[in-house]
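Given next are the chains, with one letter for each unit.
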Amino acid sequence: MSAKVWLVDDDLSVRESLGFLLKTLEYDVADFADLASFAAATQAEEPLQGCLLLDVRMPGISGLSWLVEQGGLHPLLPVIIMTGHGTIEACRRAFRQGAFEFYTKPLEIEPLLETVHQAMQESEQRALRWQSQQALQTRFALLSARESEVMQLMIAGQTSKEIARDLSLSPRTVEAHRAAVLAKLEMDNLAQLIHAWQQLNQV
């Protein structure tokens, strides 16, 4: 995944001036006049990494509407809202929908650049967590249906005898399944399994 500053604003002067400034600071910048163009250019990408500088009022879907409807499709991408028509309600709405920061125009460059730097770091941390989850999903997918049943009961704290009773299996078979679960997941004990399961299912 290539981390970029994604800049979406229908004001050409903003895209040119802000894009030029970011590029002089050695950021990889991709700019778009509207969200339709942004979507068309990024639909085949891996989960986008970097940060999104997003104007509110634009042709087509607005920045806030996009954040509500599609922001969740880009979990690695902190969104910095920019608007020339900022209101308290718009600001509240943006943060409720997960905006990383909210700025009114004309933009104050120094705070904005600091926020971009923080957002890029945040995206990197999200990407590391995402990659870890992808690796876990791959390992958990190796379990058979029966092994998954046994694993769920292990996580619930049941003993081998209790699992054997609930699944109508022999204790020896349950022990074999328990060993297979830990081996396939490359884990040494139940505590590691519980931690990994929590990590995989964290919101």
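As the structure is a computational prediction, the values presented were derived from the model and not from experiment. Sequence order as written defines residue numbering, which begins from 1 separately in each chain. With pLDDT at 70 or above as the cut-off, local features in this predicted model cover only qualifying residues; side-chain atom pairs require 80 or more to be listed or tallied, and sums for whole chains, interfaces and linings still use all residues. Note that the side-chain values use all heavy atoms of the structure and ignore hydrogens as well as water.

Student: Give me the overall build of the chain: which residues, what numbers.
Tutor: Secondary structure elements are taken from DSSP: a helix is a run of H or I of four residues or more, a strand is a run of E of two residues or more, and numbering for both begins at the N terminus. Each helix and strand counted, the chain has nine helices and five strands in total. Each helix (α) and strand (β) of the chain, taken in turn from the N terminus, gives the series β-α-β-α-β-α-β-α-β-α-α-α-α-α. Radius of gyration (C-alpha) of the chain: 23 Å, far over the 17 Å computed for a compact globule of 203 residues. The buried share of the chain, taken over its 203 residues, is 39%. This radius of gyration counts C-alpha atoms alone. The globule rule is 2.2 Å times how many residues there are, raised to the power 0.38. When a residue's accessible area, from a 1.4 Å probe over protein chains only, is under 20% of the maximum for its type it is buried; when over 50% it is exposed; and in between it is partly exposed.

Student: Please set out the UniProt feature "domain: Response regulatory" (unreviewed entry) in the chain residue by residue, giving values where relevant.
Tutor: UniProt positions are given in the numbering used here, feature names are shortened, and annotations may be inferred rather than shown by experiment. Those places that UniProt annotates as "domain: Response regulatory" (unreviewed entry) correspond, in this numbering, to residues 4-120. Summarising residues 4-120: 43% helix, 21% strand, and an end-to-end C-alpha distance of 8 Å.

Student: Tell me about the pairing of strand S5 (residues 101-104), and please be specific about residues and values.
Tutor: Bridge count for strand S4 (residues 79-83) against S5 is four bridges, and the pairing is parallel. Bridge pairing in S5 places Ile-80 opposite Glu-101. Consider the strands pointing away from the viewer: the crossover is right-handed when the path from the first strand over the helix to the second runs clockwise. Taken together, S4, helix H4 (residues 88-96) and S5 constitute a β-α-β crossover, and its handedness is right-handed. Two strands are said to pair when DSSP picks up at least two bridges between them.

Student: With reference to specific residues and values, describe the UniProt feature "domain: HTH luxR-type" (unreviewed entry) in the chain.
Tutor: Under the UniProt annotation, "domain: HTH luxR-type" (unreviewed entry) lies at residues 136-201. As annotated, residues 136-201 has a helix share of 74% and a strand share of 0%, and its two end C-alpha atoms lie 10 Å apart.

Student: I'd like to hear about the sheet that holds strand S3 (residues 49-55), residue by residue, with values.
Tutor: The sheet built from five strands is open, its strands ordered S2-S1-S3-S4-S5 with parallel pairing. The open sheet has two free edges, formed respectively by strand S2 (29-32) and S5, since each of these has just one partner strand. For this sheet, the mean inter-axis angle between neighbouring strands, taken without regard to orientation, is 15°. For helices, the fitted line uses only the C-alpha atoms of the stretch in contact; every axis is such a line through C-alpha atoms, and the angle between N-to-C directions lies from 0 to 180 degrees.

Student: Kindly report on unusual backbone geometry, identifying the contributing residues and their values.
Tutor: The omega torsion across Lys-105 and Pro-106 is 0°, close enough to zero to call that bond cis. Take Pro-106: it is sitting in the loop between S5 and helix H5 (109-140). Even without glycine at this site, Glu-186 takes up a positive phi of about 60°.

Student: Outline the nonpolar core, supporting the account with residue identities and numerical values.
Tutor: To qualify as a nonpolar core, a set must consist of buried Ala, Val, Leu, Ile, Met, Phe, Trp, Tyr and Cys residues joined through side-chain atoms within 4.5 Å. Grouped together as the largest cluster of nonpolar side chains are 21 residues, with contacts concentrated most on Trp-6, Val-8, Phe-38, Leu-52, Leu-54, Trp-66 and Ile-81. When residues in this core are grouped by element, the largest group, three residues, is from helix H3 (residues 63-70). Whether two residues are in contact is decided by their heavy atoms: any pair within 4.5 Å suffices. Beyond its immediate sequence surroundings of up to four residues, Phe-38 is in contact with Trp-6, Val-8, Phe-32, Leu-48, Leu-52, Trp-66, His-74 and Leu-77. Membership of the second largest hydrophobic core comes to 19 residues, among which are Ile-155, Leu-167, Leu-185 and Met-187.

Student: Residue-level account of the state of the cysteines, with values.
Tutor: For this text, the term disulfide refers to a pair of cysteine sulfurs within 2.5 Å. One pass over the structure, following the stated rule, counts zero disulfides. Free of any disulfide, Cys-51 has its nearest neighbouring cysteine sulfur in Cys-91, separated by 18 Å. The buried category is assigned to Cys-51, whose relative accessible area is 0%. Taking relative accessible area as the criterion, Cys-91 reaches 24% and is therefore assigned partly exposed.

Student: Tell me about helix H9 (residues 190-200), residues and numbers included.
Tutor: Here H9 has its buried residues at Leu-193, Ala-196 and Leu-200. Projection of H9 onto a plane perpendicular to its axis shows the buried side chains occupying an angular sector of 70°, all on one side. Turned more than 90 degrees away from the buried face of H9, the exposed residues are Ala-191, His-195 and Gln-198. Summarising the contacts, the buried residues of H9 are in contact with H5, helix H6 (145-155) and helix H8 (171-184). Whenever a nitrogen or oxygen atom comes within 3.5 Å of another N or O atom, the pair is scored as a polar contact, on the condition that within protein one atom can donate a hydrogen and the other can accept it, and that pairs from neighbouring residues in sequence are kept only if both atoms are in side chains. Where H9 starts, the residue carrying a side-chain oxygen 3.2 Å from the main-chain nitrogen of Ala-191 turns out to be Asn-189. To obtain the arc, one takes the directions from the helix axis to the C-beta atoms.

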